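Next come the chains, spelled out residue by residue.
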Amino acid sequence: MAAVATCGTGAGSTGSVVAAGSKNHVTSFQRRGPRASGSDSSYSRLVSIAGTRPSVRNGQLLVSTGLPALDQLLGGGLAVGTVLLIEEDKYNIYSSLLFKYFLAEGIINGHTLLVASAKEDPADILQELPAPLLDDNFKKDFDEEACNHKTAESNIKMKIAWRYQLLPKMEAGPVSSSRFGHYYDASKKMPQELIEASKWHGFFFPEKSSSTLNIEPCSLTHGYIKLLQFIQNIIYEEGFDGSNPQKKQKNILRIGIQNLGSPLWGDDICCTENGNSHSLTKFLYVLRGLLRTSLSACMITMPTHLIQNKAIISRVTNLSDTVVGLESFIGSERETNPLYKDYHGLIHIRQIPRLNNLIYDVSDVKDLAFKLKRKLFTIERRVE
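What comes next concerns the included structure. (Residues numbered from 1 in each chain as written. Predicted model: local features only at pLDDT ≥ 70, side-chain atom pairs only at ≥ 80, totals over all residues. Heavy atoms only, no water.)

Brief notes about the overall build of the chain
Scanning the chain for helices and strands turns up 10 helices and 16 strands. For the chain, with 384 residues in total, the buried portion stands at 55%. A total accessible area of about 17500 Å² is found for the chain, and carbon and sulfur atoms account for 51% of it. (Helix = DSSP H or I, 4+ residues; strand = E, 2+ residues; numbered from the N terminus. Buried < 20%, exposed > 50% of the residue type's maximum accessible area, 1.4 Å probe, protein only. Areas by Shrake-Rupley, 256 points an atom, 1.4 Å probe, with all protein chains shown as cover.)

Points about the nonpolar core
Counting 44 residues, the largest nonpolar core has Leu70, Ile347, Ile349, Phe377 and Ile379 as the members making the most contacts within it. Ranked by the residues each element gives to this core, the list is headed by helix H3 (residues 94–108), at 10 residues. Among the nonpolar cores identified, the runner-up in size contains 40 residues, and Tyr224, Ile235, Phe240 and Ile257 belong to it. (Core = buried A, V, L, I, M, F, W, Y, C linked by side-chain atoms within 4.5 Å.)

Concerning the side chain of Gln258
With respect to the element layout, Gln258 can be found in the loop between strand S11 (253–257) and helix H9 (277–292). In this structure the side chain of Gln258 is engaged in a polar contact, spanning 3.3 Å, whose partner is the side chain of Glu120. Beyond its immediate stretch of four places on either side in the chain, Gln258 contacts Ser96, Phe99, Ala116, Ser117, Glu120, Ile125, Trp265 and Thr301. (Polar contact = N/O pair within 3.5 Å; in protein donor to acceptor, adjacent residues only side chain to side chain. Contact = heavy atoms within 4.5 Å.)

A word on the sheet that holds strand S6 (residues 83–87)
Read across the open sheet, the nine strands follow the order S10-S7-S11-S12-S6-S13-S14-S15-S16; overall the sheet is mixed. Looking at strand neighbours, the two that pair on one side only are strand S10 (200–204) and strand S16 (377–381), the edges of this open sheet. Within the sheet, the average angular offset between the axes of one strand and its neighbour, ignoring direction, is 20 degrees. Here S6 runs beside strand S13 (residues 322–328); their pairing, made up of four bridges, is parallel. Following the sheet pairing, Glu87 is matched in S13 by Gly325. In the packing of helix H8 (residues 222–237) onto the sheet, contacts are made with strand S7 (112–117), S10, S11 and strand S12 (296–302), and the angle to S10 comes to roughly 170 degrees. (Pairing = 2+ DSSP bridges. Axes fitted to C-alpha atoms, helices over the stretch in contact; angles between N-to-C directions.)

Note that every value here comes from positions in space, so none of it alone points to a role or purpose.
See the structure below:
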C-alpha cells in the first residue's frame, strides 16, 4: 500500500509546500522566526506564482475559487494544499456552476487543470466554462442587474452595499491574469483560443483502463483507485510535488472532481444506509495527503443530500478542509415563499480550515443567499 504510506506522511503541515528559498520574492507576510543557521536560505519565503497571494492571517498561499465573493467568505481564498468540498444542490445546477468557475479561474491564471468526472467527458466540461468579464464592463453589468432587481428601495441599497463589500476594488482595462480573482459571464462561453492554450489533464472514468496501484481491492472502489493513481502521477511527474522543487517556473495544479461518491464512481454510499464508507473516506485521506505535499488545490462536488447515514457525512466533512453547502429552492416550499422570492437558494459556509490545528473554524457570517442572474452568480446577506 505504497501510495497510502507515501501520502500519509504528508498530511501534516503545509508550510513547507509554499516556501521557497528565492531571495527575489520577499513579502511583508513573511513569518519571523529564529535563524536555523547564518544563511538567508534558512528563511521560508512564499513563492511568486500567478493567480496566488499570501493570506493576511497566516501567510498561507491562496488561490481564488473563481468567485471573489466566496473567496472573501473563506478568508481570502482557497489555501494551496487543501480540499474544498461543495455539497451539491438537489439538481446539481448551481454546484456545477461553481465547479466551472473554479476551472475557469485556473485557465485565466495559466494554472494546470486536472478535471475528473464519471458523468461528463472533461473535454466537454471545458467547453462549457463561462467567459471572463472585462473589468471596465463589470461594474456597469452589476449596476444594471441591481437596478432591475425588484425590491424596496431601502433593501436595494443595503444589498448593493453588501455586494460591494464582498467585491475587490475594480480596475479599468481588460481582464488581467495578474489580478487575484476574476468575474465571469454565465451567459457566454470561454473563448476557444483560451481553452486551447491551456494545459489540462482529463480523467473520464468510463474510458480509463485497469489500475496498477498497489492497494487491496476491498479497501477502495475501482474508480477511486484509478483516480488516485492518475492524480499521483501528474503531481510527481510534472513537478508539483513540494518535496521535489520544480525546475521550471512554479505553477499551481487545480484539481476538480465532479460528483464524487455517486454510484457513477462505483460507490454504493448513496444507495444504501450502510454503504462502504471506508472506500470514500480512505480516498479523501490519501488525496489530502497528496495535496499537503504539493502545489495544488482541489474542489470536489458531492451529492451529500443522497447520503442517508449522517455519520458518514460527518466523517467526510472532517476529511475535508473547507466545506460549502448549496441549498436550492427548486422544488421546495421556499420557491413560492415570498420571503425568498429574490433568491435562488441558500449558501452555507459549514467549515473553514484552521491549518496545522486539530480543530476547524466556523464562519460567523450567517443568512447567506445566492442568485443566478443574467450574467452573474451573486452571494448576498439575506434580507427578511
